[in-house]
Amino acid sequence: MQNKETQPCCEKFKTMIGGQALIEGIMMRGPKKDAIVIRGKDGLTVEVSDRKLYPDGSFKKWPFFRGMFNFFDSQVTGVKALMRSADLAPEEYNEEPSKFDQWLEKKLGNEKFQQAIIWIAVFLGLGMSIGLFFLLPMLVSSFFDRWIPNLLVLNLFEGIVRMVIFMTYMILVSRMNEMRRVFSYHGAEHKTIRCYEAGLPLTVENVRKMTRLHPRCGTSFLLVVMVISIIVFSIASSGLLAMIPALAAIQGSFLYRLIMVVFKLLLLPVVVGITYEINRWAGKHDNRFTRIISAPGMWMQNFTTNEPDDSMIEVAIMAVEAVLPEEEGEDRW
């Protein structure tokens, strides 16, 4: 049972500050600054940089569109931070570069090599996520379209398969020894944000009392993506069949399955955009409905976060303090 300090009622405000666990450290993103704090081979390293913000009036700030751009930007920034943490981490985390890496660096030069690795990592990461959590469930469910002609039921079945794969993956990853410390830093990030939102001084003692679960975590976002995908895919698939009646005649065939898979993949940016707006709205409100839609993500955080030690909390506090805005309230969600 949570103690009084960890209850949602103690939240004085909601902040847009959020972060990501790294190798022996944390990346924190504020309204105008990004910070990386690593406890590495050379001691404690703090690196702060200005965020590249979209100009006022840009369509990248428009509702729906901003979700797609912010999601991709967060992937790129996260990979850069993770690679930087690997450079600064203790020796046991560092591996000798492969012969391919050495050849690529020699051909491209160090700076271009780093950029190439970042983009390769981003696309591989997105590709693996799409393949594992979207293509595989689509493939599995497609073999049942002969027996489940109702598109809503078929997409619901696909969504269940997707959720099972996602939860199984996260639970298995949480049991890996090398991920335990990363998830502990994840817990430190959440506890520190909780302390900050409660309006308490950022001290190790205060942070330690907080819950490691937070409703505006990326885990919650991914789970909502999966739920929204069921709705969007069902409506869009029905619309496609209505516009192209000939598709119904080939339902169950390889061509039909291929068309549906490609169609759903093209809809993924739409799903991300809608989910971002829902999460943004839910993050600003605290009522029974928002608590219900946040509950599955909060439950999953029991696997993706661990209790941190005091040294990890110190890193999280430094990361939050590094990105606090100069004007109070500028970071309010």
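Model, not experiment: these values are computed from the prediction.

Engineer: How do you make sense of the overall build of the chain when you look at a structure like this?
Structural biologist: The secondary structure content of the chain amounts to 11 helices and 4 strands. Scaling as 2.2 N^0.38, a compact globule of 333 residues should have a C-alpha radius of gyration of about 20 Å, and the chain matches this with 22 Å. Here the chain holds 333 residues, and 43% of them are scored as buried. Taking as baseline every contact in the chain between residues at least 6 positions apart, the subset at least 24 positions apart corresponds to 72%.

Engineer: Honestly, the packing of helix H1 (residues 65–88) against helix H9 (residues 254–284) in this entry has me stumped. Any pointers?
Structural biologist: Describing two packed helices takes the angle between their axes plus the distance from one axis to the other. Relative orientation of the contacting elements H1 and H9 amounts to 100°, with a least axis distance of 7 Å. With respect to each other, H1 and H9 are oriented roughly perpendicular. Counting all contacts with H1, which are made through Arg66, Gly67, Met68, Asn70 and Phe71, the residues of H9 involved are Pro269, Val272, Gly273, Tyr276, Glu277 and Arg280. Looking at the contact of H1 with H9 residue by residue, the class counts come to 5 nonpolar, 3 polar and 3 charged.

Engineer: When you look at the packing of aromatic side chains in this model, what are you seeing that I'm missing?
Structural biologist: Throughout the structure, instances matching the rule amount to 15 aromatic pairs. Taking 5.5 Å as the distance between ring centres and 75° as the angle between the ring planes, the aromatic pair formed by phenylalanine 133 and tyrosine 169 counts as edge-to-face. Separated by 36 residues along the polypeptide, phenylalanine 133 in helix H3 (residues 110–142) and tyrosine 169 in helix H4 (residues 151–174) bring together distant segments of the chain. Chaining the aromatic ring pairs together yields one cluster made of Tyr54, Phe59, Trp62, Phe64, Phe65 and Phe69.

Engineer: Looking at this structure, how should I read the pairing of strand S1 (residues 18–22)?
Structural biologist: Within a regular beta strand, the side chains point alternately toward one face of the sheet and then the other, so they alternate between its two faces. As judged from the 5 bridges shared by S1 and strand S2 (residues 25–29), these two strands associate in the antiparallel manner. Bridging across to S2, glycine 18 finds its partner in arginine 29. Connecting the antiparallel pair S1 and S2 is a turn made up of 2 residues, with glutamate 24 showing a positive phi of about 55°.

Engineer: Can you help me understand the side chain of histidine 186 in this one?
Structural biologist: As for its position among the elements, histidine 186 is in helix H5 (residues 177–197). A polar contact of 2.8 Å, which involves the side chain of histidine 186, links it to the backbone oxygen of threonine 304.

Engineer: I keep staring at the pattern of salt bridges and nothing clicks. Help me out?
Structural biologist: Oppositely charged side chains can form a pair if their charged atoms are brought close together. The tally for this structure, following the rule as stated, stands at 18 salt bridges. Salt-bridge contacts for glutamate 330 lead to lysine 32; the nearest nitrogen and oxygen are separated by 3.0 Å. With glutamate 330 in the segment after helix H11 (310–323) and lysine 32 in the loop between S2 and strand S3 (33–40), this residue pair connects regions lying 298 residues apart in the sequence. Residue classification places glutamate 330 among the partly exposed positions, given a relative accessible area of 29%. With relative accessibility at 46%, the residue lysine 32 sits in the partly exposed group. The shortest N-O distance in the salt bridge between arginine 216 and glutamate 197 comes to 2.3 Å. Pair noted here: arginine 216 is in the loop between helix H6 (204–208) and helix H7 (218–243) and glutamate 197 is in helix H5, with a separation of 19 residues, a long-range link. On the basis of relative accessibility, which here comes to 21%, the residue arginine 216 falls in the partly exposed class. By relative accessible area, glutamate 197 is classed as buried at 1%. One network of salt bridges, with partners in common, ties together Glu11, Lys14, Glu197 and Arg216.

Engineer: What is the right way to read the environment of isoleucine 130 from this model?
Structural biologist: With respect to the secondary-structure elements, isoleucine 130 resides in helix H3. Separated by 186 residues in the primary sequence, isoleucine 130 and alanine 316 place their C-alpha atoms 31 Å from one another.

Engineer: In this structure, what is going on with H5? I would like to understand it.
Structural biologist: What sets the pattern is the α-helix's 3.6 residues per turn: residues three or four places apart point alike. Taking 1.5 Å as the rise per residue, H5 with 21 residues should run 30 Å; its terminal C-alpha atoms sit 31 Å apart, in good agreement. Counting buried residues in H5 gives 16 out of 21 residues, a clear majority hidden from the surface. Two residues or fewer after H5 comes glycine 199, characterised by a positive phi angle close to 75°.

Engineer: Which parts of the structure should I look at to understand the confidence of the model for the chain?
Structural biologist: Should pLDDT be low for a region, the predicted coordinates there are not to be read in detail. Averaged over all residues, the pLDDT of the chain equals 85, while 90% of them reach at least 70. Averaged over each element, pLDDT in the chain is lowest for helix H2 (residues 99–108) (58) and highest for H11 (97). Scored below 50 in pLDDT, residues 1–9 shows 11 contacts in the model against residues more than four places distant or in partner chains.

Engineer: How should a nonpolar patch on the surface be read in this particular structure?
Structural biologist: On the surface, Leu136, Leu139, Phe143, Phe144 and Trp147 cluster together to form a nonpolar patch covering roughly 530 Å² of accessible area. Residue position: leucine 139 is located in helix H3. We classify leucine 139 as partly exposed; its relative accessible area is 46%.

Engineer: Help me understand the sheet that holds strand S4 (residues 43–50) in this model?
Structural biologist: Within a sheet, adjacent strands bond to each other through the backbone by hydrogen bonds, running parallel or antiparallel. Read across the sheet, 4 strands follow the order S1-S2-S3-S4 without closing on themselves; strand pairing throughout is antiparallel. Unpaired on one side and paired on the other, S1 and S4 mark the two borders of the sheet. When the angles between neighbouring strand axes are averaged without regard to direction, this sheet yields 15°. H11 rests against S2, S3 and S4 of the sheet, and its axis sits at about 155° to S3.

About the criteria used
Residues numbered from 1 in each chain as written. Predicted model: local features only at pLDDT ≥ 70, side-chain atom pairs only at ≥ 80, totals over all residues. Heavy atoms only, no water. Helix = DSSP H or I, 4+ residues; strand = E, 2+ residues; numbered from the N terminus. Rg over C-alpha atoms; globule rule 2.2 N^0.38 Å. Buried < 20%, exposed > 50% of the residue type's maximum accessible area, 1.4 Å probe, protein only. Contact = heavy atoms within 4.5 Å. Axes fitted to C-alpha atoms, helices over the stretch in contact; angles between N-to-C directions. Parallel < 35°, antiparallel > 145°, perpendicular 65-115°, else oblique. Nonpolar A, V, L, I, M, F, W, Y, C, P; charged D, E, K, R; others polar. Phe/Tyr/Trp six-rings, centres within 6.5 Å; stacked < 30°, edge-to-face > 60°. Pairing = 2+ DSSP bridges. Polar contact = N/O pair within 3.5 Å; in protein donor to acceptor, adjacent residues only side chain to side chain. Salt bridge = Lys/Arg side-chain N within 4 Å of Asp/Glu carboxyl O. Expected span 1.5 Å × (residues − 1). pLDDT = per-residue confidence, 0-100. Patch = residues over 30% accessible without salt bridge, like charges linked within 9 Å, V, L, I, M, F, W, Y side chains within 5 Å. Areas by Shrake-Rupley, 256 points an atom, 1.4 Å probe, with all protein chains shown as cover.

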